[in-house]
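Chain by chain, the residues run as shown.
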Amino acid sequence: MRYATTRAVVLSSRPLGEADRWLTLFTRDQGRIDAVVKGVRRTTSRWGGRLEPFNVCDLVLYRGRTRATVTSAQLVDVFRHLREDREALTAAAVGCEAAALLFAEGEPEERVFALLRSGLREIDAGFHGPATGAPLVLGFLVKLLYEAGYLPVLDRCASCGAGGRALAFSAARGGLVCGDCLGDGVPITPEAIAALHAAVALPLAELRAAPPSAAVEEALRDLHLLFAYHAGTRLRALRFARL
Amino acid sequence: MYSPSVDRLIKELARLPGIGPRSAQRLAFHILRQKPEQVLPLAQAIVEVKERIGFCRRCFNLAEGALCTICADSRRDGGVICVVEQPADIVPVERTGEFRGLYHVLGGALSPLDGVDPDDLHINELLARVDESVHEVILATNPTMTGEATAMYIADQMPARVRVTRLASGLPVGGDLEYADELTLGRAFAGRRSLRHEEE
């Protein structure tokens, strides 16, 4: 089938040629895919703002020999608040950039699609404080890491398996490490460990209502190390947020 | 496959935006077929533009000196500044003939997805320009996610006494309502204006 219909979150969009754009999409049926949309940058374009980042659309894609082209788009969800608030924009960018980097192209990941959509919806509904200290952003990233198979080990030492008190966080070993296995780990406070536990256990809707804190920011910094270790790059959205 | 100089020409042409290897090859062979007097002006124009054109020290538009032709024009209204993303965005605004103020080119738009933050743009220079003589700043960044975010950020930074406006969004002249997308039509409704009020 050269034509396929799918629902997708627009993860990012880059100018291509004179008036086209190169989109990175996370589709419900085919996972992450890249696609071209023709003429979208012209003011007379029939696409309008439908294919802007963070929108959810029903798309018809034409699969060419080397790339997919969007031939039709209907808007399903548009998160207006994300365009009006710098912290919300940053939070959405963290989730979308992480999804683009964590998941291989063309692998169906329906749960990730649902997670992205619900994450964007919660961010759009508003959260407390700066994005870097918001439990919602920490939860969004940790749940994406879980779906990618990189959930940090939080209940024992990730190196020797011993229980007891964790003293550091090691990206290379995949989570908390004990005093005997410190190695390259960075020190972590009990409050940051508690923030990570909450981020894993609580749904995004509950995390949205939780207040921001320095412990969440510390936990996000550590989790970002784990992300960078597996994805091979750091998140530009967190550089934007000056984390 | 070709001689080194032809290979180099193809490689250099392929670095231009929108030019792939095939197009580069086609352009290279077109250049080779032309007489020297037909193609050397192109080479000279490229050298000249790189030697003589820089950025205006005030607005960051392209300039052939310290100031661009717009900033150097004393007839322009210095009380209004139109903020755009790129120098190319000035051209369509000038074509309208509706604007007689000055410009400020940001050099891009805020984009967390690309890691472009306020320090990467000429936002501080804009804030420094907005002195007592400036009474309005028009934000003419693109109506995209990044353009909107940039406009919101700048609006927050502006002194309260300055009027900050944003270009209207709506239906293109000559367009058909039936084909308008939901976002544009929504904006058009939100930004509708009273015809009766204007008559009064």
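Everything below is about the structure printed above this text.
What you see is a predicted model, and the numbers here were worked out from it, not measured in a lab.

**Q** Just to check I follow, could you spell out the overall build of chain B for this structure?
**A** Secondary structure summary: chain B contains 8 helices and 6 strands in total. When its helices and strands are written in sequence order, chain B yields α-α-α-β-β-β-α-β-α-β-α-β-α-α. Against the globule reference of 16 Å for 200 residues, chain B gives a C-alpha radius of gyration of 22 Å, more extended than a compact globule. Scored against the burial criterion, the 200 residues of chain B give a buried share of 36%. Within chain B, counting contacts between residues at least 6 apart in sequence, those at least 24 apart form 49% of the total. Charge centroids of chain B, computed over 23 positive and 29 negative side chains, lie 7 Å from each other.

**Q** Teacher, can you tell me more about the interface of chain A and chain B here?
**A** Accessible area lost upon the coming together of the parts serves often as the stated size of an interface. Opposite the 32 residues of chain A that make contact, chain B presents 26 residues. Together chain A and chain B conceal approximately 2200 Å² of surface at their shared face, both sides included; 59% is due to carbon and sulfur atoms. Counting across the chain A and chain B interface gives 3 salt bridges. Of the charged contacts, one joins Arg239(A) and Asp120(B) as a salt bridge, the two residues approaching to 3.7 Å between their closest N and O atoms. Linking chain A to chain B there are 7 residue pairs in polar contact (both at pLDDT 80 or more). Going through the elements one at a time, strand S1 (3–16), strand S5 (68–77), helix H1 (86–102) and helix H7 (236–240) of chain A are the ones with two or more residues in the side of chain A that touches chain B.

**Q** What's the story with the packing of helix H2 (residues 110–124) of chain A against helix H3 (residues 135–147) of chain A in this structure? I'm lost.
**A** For any two helices packed against each other, the geometry comes down to the angle between their axes and how far apart the axes lie. All names here are of chain A. Two numbers describe how H2 lies on H3: the axes approach to 11 Å, and their chain directions differ by 175°. Here H2 lies roughly antiparallel to H3, going by the angle between them. In this structure, H2 contributes Arg-111, Val-112, Leu-115, Leu-116, Gly-119, Leu-120, Glu-122 and Ile-123 to the contact, and H3 contributes Leu-136, Phe-140, Lys-143, Leu-144, Tyr-146 and Glu-147. In the contact of H2 with H3, the residues fall into 9 nonpolar, 1 polar and 4 charged.

**Q** For this particular structure, what's the right way to read the pairing of strand S2 (residues 20–27) of chain A?
**A** Residues in a regular strand project their side chains so that they alternate between the two faces of the sheet. All names here are of chain A. Burial of S2 is extensive: 7 of the 8 residues sit out of reach of the surface. Direction of pairing for S1 relative to S2: antiparallel, over a ladder of 8 bridges. Opposite Ser-12, over in S2, you have Thr-24 as the bridge partner. Here S1 folds back onto S2, and the loop between the two strands holds 3 residues, one of which, Gly-17, carries a positive phi near 60°. The pairing of S2 with strand S3 (residues 31–37) spans 7 bridges and is classified as antiparallel. Residue Leu-25 lies in a different strand from S3, and its bridge partner there is Ile-33. Remark: 3 residues form the turn of the hairpin made by S2 and S3, two consecutive strands paired antiparallel.

**Q** What am I meant to see in the pattern of salt bridges here?
**A** It is possible for side chains bearing opposite charge to pair when their charged atoms get close. Evaluated as defined, the whole model comprises 20 salt bridges over all chains. With a shortest N-O distance of 2.7 Å, Asp114(B) and Arg14(A) are connected by a salt bridge. Residue Asp114(B) is located in the loop between strand S4 (101–105) and helix H5 (123–129), and its partner Arg14(A) is located in strand S1; the two belong to separate chains. Residue class for Arg14(A) comes out partly exposed when judged on its relative accessible area of 32%.

**Q** In this structure, what is going on with the sheet that holds strand S8 (residues 186–187) of chain A? I would like to understand it.
**A** Either a parallel or an antiparallel arrangement is found when strands of a sheet pair, and the pairing is made through backbone hydrogen bonds. Residue and element names in this part refer to chain A. Within the open sheet, the 3 strands sit side by side as S7-S6-S8. Their pairing is antiparallel. In the strand order of this sheet, the two ends are held by strand S7 (175–177) and S8, each with one partner. Relative to S7, strand S6 (residues 168–170) runs antiparallel, the two sharing 3 bridges. Paired with Ala-168 across the strands is Val-177, a residue of S7.

Conventions used here
- Residues numbered from 1 in each chain as written.
- Chains lettered and ligands numbered in written order.
- Predicted model: local features only at pLDDT ≥ 70, side-chain atom pairs only at ≥ 80, totals over all residues.
- Heavy atoms only, no water.
- Helix = DSSP H or I, 4+ residues; strand = E, 2+ residues; numbered from the N terminus.
- Rg over C-alpha atoms; globule rule 2.2 N^0.38 Å.
- Buried < 20%, exposed > 50% of the residue type's maximum accessible area, 1.4 Å probe, protein only.
- Contact = heavy atoms within 4.5 Å.
- Lys, Arg positive; Asp, Glu negative; His and termini not counted.
- Charge placed at Lys NZ, Arg CZ, Asp CG, Glu CD.
- Buried area = accessible area lost by both parts, 1.4 Å probe.
- Salt bridge = Lys/Arg side-chain N within 4 Å of Asp/Glu carboxyl O.
- Polar contact = N/O pair within 3.5 Å; in protein donor to acceptor, adjacent residues only side chain to side chain.
- Axes fitted to C-alpha atoms, helices over the stretch in contact; angles between N-to-C directions.
- Parallel < 35°, antiparallel > 145°, perpendicular 65-115°, else oblique.
- Nonpolar A, V, L, I, M, F, W, Y, C, P; charged D, E, K, R; others polar.
- Pairing = 2+ DSSP bridges.

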